[in-house]
Amino acid sequence: MFGLAALQYYWIKEAISERKSHFEQEVGETLTSVVKRLEQQEILTVTKRYMDDISVSNSDIVVKYDSSKQQAYWTHKQNIKISQTISSDKLAQDGIAYKVQEKAVIKKTGTATKTVLSDIEESKYGISGDSSIRKHNNILNNITNDSTAKKRLDKAMDLIMKKTDLVNQVVSEMILSENTMLQDRVNFGTLDSLLKQEMEYRGIKTKYDFAVKQKDGIKETVIMSSNVERNAMIIESKYSITLFPKDIFDESNILYLQFPEENRFLISKMRFVLFSSLGFILLTLLTFVFAARTIIEQKRISEITNDFISNMTHELKTPISTVALATEALLDPDVQKMPSITGRYLSVIKDENQRLSRQVERVLQIARIEKGDLKLRMVPVEMQKVLKTAYENTLIKIEDRGGQLSLNWDANSAKVTGDELHLSNIIFNLLDNANKYSPETPKIDLSASIKGENLEIRVKDSGQGIPKEHISKIFDKFYRVPTGNVHNVKGFGLGLSYVKNIVQAHKGTIKCKSELGRGSEFIIQLPISENG
């Protein structure tokens with residue numbers, strides 16, 4: 001059982017570790033994606049500004065062929081106008097902005113050589129014909145003779161020049177922007193929005209805090225934070241990444257991401273796994289406890305059964321032995337000639353036979369009660385008469401030991417609907433137990449009174465008492481309070497079990513109060529008959 005629990009614990013631990021590793025990987029991918037998108041947005045912003053401002057005019061391309069040198073030359077002239085508005089937060093506060101205009105003339109020249117166009121290039125420039133002809137004709141003749149192809153080439157050259165200048169300008173500004181304040185390059189709302197989008201895309205739905213730390217020499221400053229009060233904890237987080245990692249000269253800006261409820265989020269993601277594992281462990285534990293209790297209970301029942309068999313054997317063996325001895329004596333011719341002695345032996349045989357019958361009948365009664373076969377003759381019973389009869393039959397035994405038995409009736413003429421024989425038996429059993437378990441001079445009180453709609457009967461003694469741990473078990477069948485190796489009190493352990501079953505059959509209750517060394521008190525409550 002403990003091995004299974006240990007195995008489950010190991011499995012849960014490994015599952016949590018695996019889930020945590022996966023979570024760390026997802027956070028890393030989130031940060032990488034956010035930084036990449038920030039860079040893309042910055043490039044897109046700069047590029048868009050230049051694309052809106054660049055204009056190209058007066059484009060022309062001239063191709064000349066020098067027959068003496070068998071060489072072709074091309075010349076391209078381009079006029080470019082560029083306008084750009086320069087502004088900053090500080091200038092904007094003063095209401096100042098600068099608009100710069102630039103004019104440039106780009107003239108490019110070079111040689112043209114024979115080449116073979118691919119099918120795609122041919123289709124793009126509108127050149128067609130037999131492949132053998134294309135291989136041996138000069139491409140320059142095709143361009144100069146085909147006005148459509150020449151226009152397309154001019155347009156392509158314009159775009160190439162435009163893109164080349166655009167890239168140069170964007171790269172220049174991107175390099176210059178590395179020296180710009182980070183607050184001007186990154187917006188708090190944009191960064192927060194990107195983080196939220198990327199985490200939601202990856203299923204990371206938990207509270208988060210972030211901060212951006214900038215390093216200037218040896219000085220480190222948190223320039224942006226979602227929770228200023230927790231800055232110290234945020235920048236200690238293991239989740240961090242450098243902002244704008246492609247900057248050539250500056251890599252001092254670091255983004256930190258921290259999850260205050262990381263463990264709770266991981267556990268919520270593993271709720272089914274954890275609950276199923278804990279349920280399995282609990283089921284295993286309950287099974288083990290149930291099995292252990294069953295084994296202990298079976299052992300207890302086995303011990304009680306063995307004690308019952310031992311006591312029953314002893315109780316049955318005694319009258320049988322007595323009867324055997326009396327019978328053997330009666331067979332003696334000399335004894336047969338003495339009527340007085342013969343009569344005494346016959347009386348002994350009769351008493352022992354009655355005793356044996358009572359023991360057997362008690363066992364049979366318990367069996368019938370448990371099977372529900374006990375037939376009760378329910379009639380109104382005068383309980384004062386029942387108590388008085390039990391009192392008188394027990395008084396002789398108690399006085400023989402020098403003890404005292406008192407009867408106190410305070411219930412007027414109360415009657416109980418029940419079986420008079422069994423009601424008499426339970427009172428007699430309680431009085432007999434009080435006498436047997438009083439090792440010294442017995443002192444027993446039998447009393448009755450009315451409590452609400454019930455007749456309350458109390459049997460109190462000053463005997464040896466019952467230990468607290470055994471009080472709840474004394475009404476169990478065959479149970480006897482352990483007395484070590486001392487067996488000076490005879491019985492099967494059926495008396496109190498019989499009493500409880502008869503009381504419950506009469507819709508009553510019974511309980512016991514006892515203190516070790518100071519005696520016991522049994523309290524019975526039976527419903528008073530309507531005719532009483």
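Relevant structure appears above.
Since the model is a prediction, treat every value here as computed from it, not as a measurement. (Residues numbered from 1 in each chain as written. Predicted model: local features only at pLDDT ≥ 70, side-chain atom pairs only at ≥ 80, totals over all residues. Heavy atoms only, no water.)

(A) Representation of the overall build of the protein chain within the structure. Each helix and strand counted, the protein chain has 17 helices and 14 strands in total. Across the 532 residues in the protein chain, those meeting the buried criterion constitute 34%. Taking the contacts inside the protein chain whose residues are at least 6 apart along the sequence as the reference set, 68% of them involve residues at least 24 apart. Carbon and sulfur atoms make up 54% of the accessible area of the protein chain, which amounts to about 33,900 Å² in all. (Helix = DSSP H or I, 4+ residues; strand = E, 2+ residues; numbered from the N terminus. Buried < 20%, exposed > 50% of the residue type's maximum accessible area, 1.4 Å probe, protein only. Contact = heavy atoms within 4.5 Å. Areas by Shrake-Rupley, 256 points an atom, 1.4 Å probe, with all protein chains shown as cover.)

(B) Layout of the sheet that holds strand β12 (residues 454–461). Taken together, the five strands give an open sheet; going across it, the order is β9-β11-β12-β14-β13, and neighbouring strands pair in mixed fashion. Sheet topology places β9 (404–410) and β13 (509–515) at the edges, where each strand pairs with a single neighbour. Each strand of the sheet is rotated relative to its neighbour by a mean of 15°, with strand direction disregarded. The sheet contact formed by β9 and strand β11 (residues 443–451) spans seven bridges and is parallel. Looking across to β11, one finds that N408 is bridged to S447. (Pairing = 2+ DSSP bridges. Axes fitted to C-alpha atoms, helices over the stretch in contact; angles between N-to-C directions.)

(C) Molecular detail of helix α14 (residues 383–400). Its 18 residues give α14 an end-to-end C-alpha distance of 26 Å, which sits within 8% of 26 Å, the value for a rise of 1.5 Å per residue. The largest bend in α14 amounts to roughly 35° and is located at T394. If you check which residues of α14 are buried, you get M383, V386, L387, A390, Y391, T394, L395 and I398. Buried-residue contacts for α14 involve β8 (379–382), β9, β10 (415–418), α15 (420–436), β11 and β12. Residue G402 follows α14 closely and has a positive phi angle near 80°. (Expected span 1.5 Å × (residues − 1). Bend = angle between axes of the 7 residues up to and from the residue.)

(D) How the structure looks around the pattern of salt bridges. Taken as a whole and assessed by the stated rule, the structure comprises 11 salt bridges. For R458, the salt bridge is made with E521, and the minimal N-O distance between the two is 2.8 Å. On the criterion of sequence distance, the pair formed by R458 in strand β12 and E521 in strand β14 (residues 519–527) is long-range, its members being 63 residues apart. Here R458 falls in the partly exposed class, since its relative accessible area comes to 24%. Exposure remark for E521: the relative accessible area of 14% places this residue in the buried category. Of the charged contacts, one joins R518 and E515 as a salt bridge, the two residues approaching to 3.8 Å between their closest N and O atoms. For R518, a relative accessible area of 61% translates into the label exposed. You can call E515 partly exposed: its relative accessible area is 43%. Residues participating in the shared-partner salt-bridge network are E29, R37, E198 and R202. (Salt bridge = Lys/Arg side-chain N within 4 Å of Asp/Glu carboxyl O.)

(E) Structural view of the nonpolar core. M383, I426, L455 and I457 are the most contacted members of the largest nonpolar core, which has 41 residues in total. When contributions to this core are tallied by element, the ones reaching two or more residues are α14, β9, α15, β11, β12, α17 (495–505), β13 and β14. The leading source of residues in this core is α14, at seven residues. Other than its neighbours up to four places away in sequence, M383 contacts W409, A414, V416, L423, L455 and I457. Counting 25 residues, the second-largest nonpolar core is a separate cluster that includes V35, L38, L191 and L194. (Core = buried A, V, L, I, M, F, W, Y, C linked by side-chain atoms within 4.5 Å.)

(F) Representation of the side chain of R230 in the model. Its location among the elements puts R230 in the loop between β5 (219–225) and α9 (231–234). The exposure class assigned to R230 is buried, which follows from its relative accessible area of 18%. At 2.7 Å, the side chain of R230 and the side chain of D209 are in polar contact. Beyond its immediate chain neighbours, meaning those up to four positions away, R230 contacts D209, Q258 and P260. (Polar contact = N/O pair within 3.5 Å; in protein donor to acceptor, adjacent residues only side chain to side chain.)

It is worth stressing that arrangement in space is one thing and function is another; only the former is reported here.
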